[in-house]
Amino acid sequence: MNTFRPGDLVSYAPDTTRRYLGLVVGRLARLDHLPTLMLVRFADNDGGGYLPPIPCPPRALTKVSR
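Residues numbered from 1 in each chain as written. Predicted model: local features only at pLDDT ≥ 70, side-chain atom pairs only at ≥ 80, totals over all residues. Heavy atoms only, no water.

Caption draft 1: The arrangement of the environment of valine 24 in detail. Among the structural elements, valine 24 can be located in strand 2 (residues 20–28). Exposure remark for valine 24: the relative accessible area of 1% places this residue in the buried category. Sequence separation between valine 24 and proline 6 is 18 residues; the distance between their C-alpha atoms is 4.9 Å. Those residues within four positions of valine 24 in sequence are excluded, and the remaining contacts are Phe4, Arg5, Pro6, Gly7, Asp8, Val10, Met38, Leu39 and Val40. (Helix = DSSP H or I, 4+ residues; strand = E, 2+ residues; numbered from the N terminus. Buried < 20%, exposed > 50% of the residue type's maximum accessible area, 1.4 Å probe, protein only. Contact = heavy atoms within 4.5 Å.)

And the structure:
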């Protein structure tokens with residue numbers, strides 16, 4: 001499995017038909033048995049800026065080379 005660090009550019013595929021580019025800004029540690037989620041920030045398509053960080057499962061992320 002990939003390890004992600006803040007600053008990594010990633011592709012997020014929540015399903016087989018959609019794919020988004022985002023920037024890893026941190027991780028959300030879990031106290032239960034569930035895996036750690038990565039906090040990813042995506043661009044806002046309505047006039048620039050960024051959306052608030054969204055928790056994403058690492059298995060749905062792929063590193064993108066710059």
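Caption draft 2: Representation of the sheet that holds strand 4 (residues 54–56). Read across the open sheet, the five strands follow the order 4-3-2-1-5; overall the sheet is antiparallel. In this open sheet, the two edge strands, each paired with only one partner strand, are strand 4 and strand 5 (61–63). Geometrically, the sheet is characterised by an average inter-axis angle of 50° between neighbouring strands, direction not taken into account. (Pairing = 2+ DSSP bridges. Axes fitted to C-alpha atoms, helices over the stretch in contact; angles between N-to-C directions.)

Caption draft 3: Summary view of the environment of leucine 34. Position of leucine 34 among the secondary structure elements: in the loop between strand 2 and strand 3 (37–42). As a C-alpha pair, leucine 34 and glycine 22 span 12 residues in sequence and 23 Å in three-dimensional space.

Caption draft 4: Region of interest: the side chain of serine 11. Inspection of the secondary structure puts serine 11 in strand 1 (residues 9–12). Given a relative accessible area of 7%, serine 11 falls into the buried group. A polar side-chain atom of serine 11 sits 2.9 Å from a polar atom in the side chain of arginine 19. Non-local contacts of serine 11, meaning those with residues more than four positions away in its chain, are made with Arg19, Tyr20, Leu21, Ala60, Leu61, Thr62 and Val64. (Polar contact = N/O pair within 3.5 Å; in protein donor to acceptor, adjacent residues only side chain to side chain.)

Caption draft 5: Molecular detail of the packing of aromatic side chains. With the rule as written, the count across this model stands at two aromatic pairs. Here the aromatic rings of tyrosine 20 and phenylalanine 42 are separated by 6.3 Å at their centres, their planes lie at 70°, and the arrangement is edge-to-face. Linking tyrosine 20 in strand 2 with phenylalanine 42 in strand 3, this pair joins segments that are 22 residues apart in sequence. Note on tyrosine 20: relative accessible area 37%, which makes it partly exposed. Residue phenylalanine 42 is classed as buried on the basis of its relative accessible area, which comes to 7%. Here the aromatic residues Tyr12, Tyr20 and Phe42 are joined through ring pairs into a cluster of three or more. (Phe/Tyr/Trp six-rings, centres within 6.5 Å; stacked < 30°, edge-to-face > 60°.)

None of this, on its own, says anything about what the molecule does.
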